[in-house]
Amino acid sequence: LVDPLLQTGTWDVPDAAGVDTAVEVAFLPGVTDGAAAALLRAAELLELPVTAAASGRRVEFGSDSAQAVAAVTTRLIANPVIERWTTGPIEPAFVAAGAGSGVAEVIPIADRTLDELVELGRQRALALDPAELQVIQAHYAELGREPTDVELETLAQTWSEHCAHKTFRARITTDDGVERASLIAQLRQATTDIDASFVRSAFVGNAGIVALDPQRPDHTLAVKAETHNHPSAVEPFGGANTGVGGVIRDVLGIGHRPVAVTDILCFGEPDTPLAAIPEGALHPLRIRDGVIDGVADYGNKIGLPTVAGAVLYDPGYTTNPLVFAGCIGEATGWQADAGPFSGDRVIVLGGRTGRDGIRGATFSSLTMDATTGAVAGASVQIGEPIVEKLLIDVLVGAEGWYSAITDCGAGGLSSAIGEMAEQVGADVELDRVPLKYPGLEPWEIWLSEAQERMVVAVPPAHLADLTDRCR
């Protein structure tokens, strides 16, 4: 752990002169701890008997003012969404051992009033409006049964603004009563009307595909950008970090090798007085520093340069920053996936599944306010770019072994497998999904947005090949 040229280490609590108060900060149990994971991997390679690890940091103050230390810690150093802290030494904390029930829970909704449905939606953070809740209630009344938690949570993420783009798909009526096509329909129509010769694929799959070099018509670029605004407002580093990881997976998921990332970042004014920041919100400086570090960290660890972008400041972004993460990939001889086919195996590759990112889609669809950070909880994740680099190494060059591929986005396995198997259906064995720790319920395994995961449809004849390559 210690580089003797640059660092010192001790088993004891440091005894620093001039230190009046020390605060130690560590992740909450279940939050991805990349440094600890790297330590465990190294210990395994060295055959050292280390079974658990946690990382933290220590901040020393030349002040004994409890009020000042608390203010600095809560507003500038630690983030209660993902971290805990204490004065003096902090003890490691791990997810409590336990076993999930393995059973989907039935959620009674048939006899609930509208107010009770709305309260259920609030308790479960479904982000569904009252009309949508009533449609779900009527649907299960027609079926003559109640929904399970797996089904209810799946509907919530599928219908969320984040996944369904309800604003872009909404019917438009102008002030003079004229019906217009939805925004997404207008965008599609404009793309069709322009009919640019260099556009190979648009509005299909995980990324757009263009061919820009007339001398190499079989050379294509995949381009994808998306926002990670809400997560970055609540946990700037992790929000931006996983935003970059997500678009890299999108490019990978359409058969292109990621080569570069881009970003456009919008923050509140950096000289905003701290007193002007609503309670529960982070200062724009802290958001800016965390977001920039998160973007750089992910790309640097994988080896992808950030080649384009911008930073904009405006008071309107003070509590709701905009973080546009983008990725560019390249391929030669790209062809759209032929599958999936009946009989293919549903395979999950990459990171393990935990509670990080559960309800990420619905959280990202809620209106931002000063309480959002307090309720986000496990919706925010920390990325593991080294795991994603391994994913890239496995998948680039293995294209012939799978018939379809997609990344686990905001709905986790529910959206990835749901999209992939739309035409053929799929049986999913949730008890075979590798977990970060025991105790997850079926709906949590199904909905978790835990990072660095891809889903591929693999013909049985190629299963051994892919397994060996992963190993």
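Residues numbered from 1 in each chain as written. Predicted model: local features only at pLDDT ≥ 70, side-chain atom pairs only at ≥ 80, totals over all residues. Heavy atoms only, no water.

> What exactly am I supposed to notice about the confidence of the model for the protein chain here?
Interpretation of this model should avoid reading the predicted coordinates in detail wherever pLDDT is low. The share of residues in the protein chain with pLDDT of 70 or more is 94%, and the mean pLDDT across the chain is 89. Residue range residues 368-377 is modelled with pLDDT below 50. Its contacts to residues more than four positions away, or to other chains, number 15 contacts. (pLDDT = per-residue confidence, 0-100. Contact = heavy atoms within 4.5 Å.)

> What am I meant to see in the side chain of Thr 32 here?
With respect to the secondary-structure elements, Thr 32 resides in the loop between β1 (21-27) and α1 (34-45). Polar contacts involving the side chain of Thr 32 include one to the side chain of Lys 436, which spans 2.9 Å. Beyond its immediate chain neighbours, meaning those up to four positions away, Thr 32 contacts Phe 27, Asp 356, Ile 382, Glu 384 and Lys 436. (Helix = DSSP H or I, 4+ residues; strand = E, 2+ residues; numbered from the N terminus. Polar contact = N/O pair within 3.5 Å; in protein donor to acceptor, adjacent residues only side chain to side chain.)

> Looking at this structure, I do not really get a nonpolar patch on the surface. What am I missing?
A surface patch of nonpolar side chains, amounting to about 430 Å² of accessible area, comprises Phe 168, Leu 183, Leu 187, Phe 203 and Val 204. Examined against the element boundaries, Val 204 turns out to sit in the loop between β6 (199-201) and β7 (208-210). (Patch = residues over 30% accessible without salt bridge, like charges linked within 9 Å, V, L, I, M, F, W, Y side chains within 5 Å. Areas by Shrake-Rupley, 256 points an atom, 1.4 Å probe, with all protein chains shown as cover. Salt bridge = Lys/Arg side-chain N within 4 Å of Asp/Glu carboxyl O.)

> What exactly am I supposed to notice about the packing of helix α3 (residues 114-123) against helix α4 (residues 130-143) here?
The relative placement of two packed helices is expressed as an angle between their axes plus a distance between the axes. At a closest axis distance of 10 Å, the pairing of α3 and α4 adopts a crossing angle of 105°. The orientation of α3 with respect to α4, classified from their angle, is roughly perpendicular. Contacts between α3 and α4 pair Leu 114, Leu 117 and Val 118 from the former with Pro 130, Leu 133, Gln 134 and Gln 137 from the latter. Grouping the amino acids of the contact of α3 with α4 by side-chain chemistry returns 5 nonpolar, 2 polar and no charged. (Axes fitted to C-alpha atoms, helices over the stretch in contact; angles between N-to-C directions. Parallel < 35°, antiparallel > 145°, perpendicular 65-115°, else oblique. Nonpolar A, V, L, I, M, F, W, Y, C, P; charged D, E, K, R; others polar.)

> Sorry if this is basic, but what is going on with the sheet that holds strand β11 (residues 322-332) here?
Strand pairing in a sheet relies on backbone hydrogen bonds. The paired strands run either parallel or antiparallel. What the 6 strands build is an open sheet, ordered β6-β7-β8-β11-β9-β10; its pairing is mixed. Only two strands of the sheet have a single partner each, and these edge strands are β6 and β10 (306-313). This sheet shows a mean twist of 20° between the axes of neighbouring strands, independent of strand direction. Bridge count for β7 against strand β8 (residues 219-227) is 3 bridges, and the pairing is antiparallel. By the bridge assignment for β8, Val 210 is matched with Leu 221. The strands touched by helix α10 (residues 236-252) are β8, β9 (257-267) and β11; relative to β11, the strand with the most contacts, the crossing angle is about 25°. Each of β9, β10 and β11 is contacted by helix α11 (residues 284-302), which is oriented at about 175° to β9, the strand it contacts most. (Pairing = 2+ DSSP bridges.)

> Can you walk me through the environment of Arg 345 in this structure?
With respect to the helices and strands, the residue Arg 345 is situated in strand β12 (residues 345-350). For Arg 345, a relative accessible area of 41% gives the class partly exposed. Separated by 20 residues in sequence, Arg 345 and Ala 325 place their C-alpha atoms 32 Å apart. In this structure Arg 345 touches Val 456, Ala 457, Val 458, Pro 460 and Leu 463, once residues within four positions along its chain are discounted. Among the polar contacts listed, one links the side chain of Arg 345 to the backbone oxygen of Gly 343, at a separation of 2.8 Å. (Buried < 20%, exposed > 50% of the residue type's maximum accessible area, 1.4 Å probe, protein only.)

> Please explain the pattern of salt bridges as it appears in this structure.
Proximity of charged atoms lets side chains of opposite charge pair with each other. Taken as a whole and assessed by the stated rule, the structure comprises 19 salt bridges. For Arg 145, the salt bridge is made with Glu 151, and the minimal N-O distance between the two is 2.7 Å. Since its relative accessible area comes to 39%, Arg 145 is described here as partly exposed. Between Glu 226 and Lys 224 there is a salt bridge; the shortest N-O distance is 3.8 Å. Look at Glu 226 and you get partly exposed, because its relative accessible area is 25%. A single network of salt bridges, built from pairs that share partners, joins Glu 24, Arg 58 and Glu 60.

> Just checking my understanding: could you explain the nonpolar core for this structure?
What tends to happen in soluble globular proteins is that the nonpolar side chains get buried as a cluster. Among the nonpolar cores identified, the biggest contains 35 residues, and Val 244, Ile 248, Val 291, Leu 349, Leu 395 and Val 456 are the most heavily contacted of them. At the level of secondary structure, the elements contributing two or more residues to this core comprise α10, β9, α11, β11, β12, α14 (385-395) and β14 (453-458). Other than its neighbours up to four places away in sequence, Val 291 contacts Ser 232, Pro 236, Phe 237, Ala 240, Leu 265, Phe 267 and Val 323. Within the second largest apolar cluster, 18 residues are counted, among which are Val 150, Ala 404, Ala 416 and Ile 445. (Core = buried A, V, L, I, M, F, W, Y, C linked by side-chain atoms within 4.5 Å.)

> Where do I start with the packing of aromatic side chains in this structure?
Centre distance and the angle of the planes are the two values used to describe a pair of aromatic rings. Following the criterion strictly, the structure yields 1 aromatic pair and no others. Relative to Tyr 313, the ring of Phe 267 has its centre 6.3 Å away and its plane inclined at 45°; by these criteria the two rings are tilted. Taken as a pair, Phe 267 in strand β9 and Tyr 313 in strand β10 lie far apart in primary sequence, 46 residues in all. Using a relative accessible area of 1% as the deciding quantity, one classes Phe 267 as buried. Cation over ring: Arg 124 sits above Trp 443, and NZ or CZ is 5.5 Å from the ring centre. (Phe/Tyr/Trp six-rings, centres within 6.5 Å; stacked < 30°, edge-to-face > 60°. Lys NZ or Arg CZ within 6 Å of the ring centre and 35° of its normal.)

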